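# Commentary on secondary and tertiary structure
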Amino acid sequence: MVRTLALRGGIRSWVGVHVHNNPWWTGGLRYFNAESDKSPPKRIAIVGAGIGGTAAAYFLRQQFGKCAQIDIFENGKVGGRLATTTVEGNEYEVGGTVIHPRNLHMKDFIRQLGLKERQVNIGRVGIYNGEKFTFEESSSFLINVLKLQWRYGFNLIRLKIWLNGILEKFSRIYHYQHQEYAFTTVEELLHALGGDEFISMTQATVEEVLLKAGYSQKFMDEMVTPVMRINYGQNKNVSAFVGAVSLAGAQPNLWAVEGGNWLVCQGLINAASAELVQGRVTAVECQSPPSRAEKTFSSYKLDIEKSDFSYSVYDIVVLAAPLHKNMANISFQNFSHPVGDFSGKYHQTVATVVYGLLNVPFFSYKNLNEFTLNEILTTENPKLFISSVGALSPLNVSVDCKVKVTEPAAWKVFSPEPLTQEQLDLLFASYSSKSERTWLAYPHYAPPEIFPPIILHDNMYYLNSIEWAASAMEMSAIAARNIALLAHHRWYQKTDKIDQENLKA
Ligand SMILES: Cc1cc2nc3c(=O)[nH]c(=O)nc-3n(C[C@H](O)[C@H](O)[C@H](O)COP(=O)(O)OP(=O)(O)OC[C@H]3O[C@@H](n4cnc5c(N)ncnc54)[C@H](O)[C@@H]3O)c2cc1C
């Protein structure tokens, strides 16, 4: 059943242009109703071999069985935004790094694929405001609690309770997906998990929501904003939902995949028996059925640059790469409505891995021996050219990341722009190597968020619409499972499993 929530009216009317012109497109499964003993799809195409695309292949294989041919098209490297870099003979994560202990799809993937978890212990954290540290973690748990209590009162405890409540509701997705429920829009999915609260969290900034709830401005600026800066390169103006995901990413017991997170993507391709086709998809052309009355379906022809691949017509297409301006650069031809014409942009973040000696005096520290921090977060200060700097441990070890600042080590610096030579010389007393990666990393969040559609056409789906709720590996995995279920139910007209309200958690 499709609801008409006032809050979501804006989003509905935004996609409504296409919905009303195409009754067979979204909620209206009328087109499919005439179809009963339908054979499974013969060919499925997935564009993008990041965690989203590869997880989609895995789940689509589960849904449609072994007969369908699944092809994954990838322009760059398997893993996409999950990538590593080698510095001084060791490999480090340079894209998506940490995974929350309650990210159950990621957990399940590594179990199924025989991969291993690597604990990510970030060591001692400090918050730097451009002049001094407003908080420095000490080795004593009790001292940390007292320091935080003294400076922020009960803000931190309240935040922990708030986050736990959100995580609890969010975890319903695993139960619903296990029961094979699917959602046609990101708002339907969020609403099923957290009701109006989750929807409204995408419509206001984290600052608005927390200040309204009585948190202090000091706590906002000195604790919440630094976490937004390290995790999303942005500030307290991200949506409250992104804020909650980001703050959850600062909780303990985070983990990563031993050997590199991208190994999950490679493993999922193999487990799905999917074919990886190297090459850029330049166009998707809709090949309409000769007549709707004949109960045949649209198919899609993919044009691929630099590939001698011969099978290019598909029954189902999953686009698992951002379609925003200057991203996947795919042209959509012969569709009755514009596709992929979304507003908003992706946010630039530069990740630089530097092997060297941190220049401790840069952080207003005179005595090197007193400096024990491993992760430096920053508050918003126009003078600061970095969002964060943190010590790294190589991908193959599960050790405490406690480096001595008197010895050279690998540090990851996040900054909005590539670091200049002058900035590197300010930040490091000396360094022997560096590796820099500029990402269009995640959406630039500016609530109220408008979600791109999941269903782009009959049997063409868009995975990265979920990133506009929050970008994370697990979010892509959840979107992948949702699309596999949705594609399956729509193919076989199982309407009772789509957009159901009042699901029992
Ligand atoms: C610096 C950074 C840090 C992050 N930290 C974390 C973190 O700690 N934890 C976390 O959970 N998440 C983190 N994220 C977010 C996370 O990495 C992403 O949300 C997730 O990897 C997105 O996966 P995806 O498969 O949806 O997209 P992508 O990984 O972007 O995959 C899309 C793929 O499509 C390919 N492609 C694009 N266009 C075409 C085309 N036309 N034809 C063929 N192929 C095409 C691309 O090459 C790419 O491989 C971080 C991201 C960045 C950049």
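Structural data are supplied above this passage.
So, here is what we can say about the structure in this document. In this text, all values refer to a predicted model and were calculated from it rather than measured experimentally. (Residues numbered from 1 in each chain as written. Predicted model: local features only at pLDDT ≥ 70, side-chain atom pairs only at ≥ 80, totals over all residues. Heavy atoms only, no water.)

### Looking at helix α4 (residues 104–113)
- H105, M106, F109 and I110 are the residues of α4 that are buried. Along the axis of α4, the buried residues cluster in a sector spanning 135°; they form a single face.
- Buried residues in α4 make contact with α3 (51–64), β5 (117–119), α7 (172–178), β8 (255–257), α12 (262–271) and α14 (473–491).
- In the stretch just after α4, G114 is the one whose phi turns positive, near 70°. (Buried < 20%, exposed > 50% of the residue type's maximum accessible area, 1.4 Å probe, protein only. Helix = DSSP H or I, 4+ residues; strand = E, 2+ residues; numbered from the N terminus. Arc of directions from axis to C-beta. Contact = heavy atoms within 4.5 Å.)

### Re the pattern of salt bridges
- Using the criterion set out here, one finds 12 salt bridges in the structure.
- Of the charged contacts in the structure, one is a salt bridge between R151 and E222, with a shortest N-O distance of 2.8 Å. Pair noted here: R151 is in helix α5 (residues 141–152) and E222 is in helix α10 (residues 217–232), with a separation of 71 residues, a long-range link.
- Overall, R151 belongs to the partly exposed group, its relative accessible area being 24%.
- With its nearest N and O atoms 2.8 Å apart, the salt bridge here joins K236 to D221. (Salt bridge = Lys/Arg side-chain N within 4 Å of Asp/Glu carboxyl O.)

### Examining the nonpolar core
- Counting 110 residues, the largest nonpolar core has I46, I51, L60, F109, W162, L190 and F241 as the members making the most contacts within it.
- Of all the elements, α14 adds the most residues to this core, at 12 residues.
- A domain-level breakdown of this core finds at least three residues from each of domain 1 (6–79 + 260–343 + 452–497) and domain 2 (84–169 + 216–259 + 346–443).
- Grouped together as the second largest cluster of nonpolar side chains are 25 residues, V277, Y314, A321 and Y462 included. (Core = buried A, V, L, I, M, F, W, Y, C linked by side-chain atoms within 4.5 Å. Domains from an automatic or database assignment.)

### Things to note about the site of the ligand
- Near the ligand you find 36 residues, and of these G52, E74, R81, V98 and S471 are the closest.
- A distance of 3.1 Å separates an oxygen atom of the ligand from a polar backbone atom of I51.
- Here an oxygen atom of the ligand and a side-chain polar atom of R81 are 2.8 Å apart.
- Protein contacts shield 90% of the accessible area of the ligand, which totals 1,000 Å² for the unbound molecule.
- Among the residues forming the shell around the ligand, the class breakdown is 18 nonpolar, 14 polar and 4 charged.
- Split by domain, the shell around the ligand shows at least three residues from each of two domains, domain 1 (6–79 + 260–343 + 452–497) and domain 2 (84–169 + 216–259 + 346–443). (Near = heavy atom within 4 Å. Polar contact = N/O pair within 3.5 Å; in protein donor to acceptor, adjacent residues only side chain to side chain. Areas by Shrake-Rupley, 256 points an atom, 1.4 Å probe, with all protein chains shown as cover. Nonpolar A, V, L, I, M, F, W, Y, C, P; charged D, E, K, R; others polar.)

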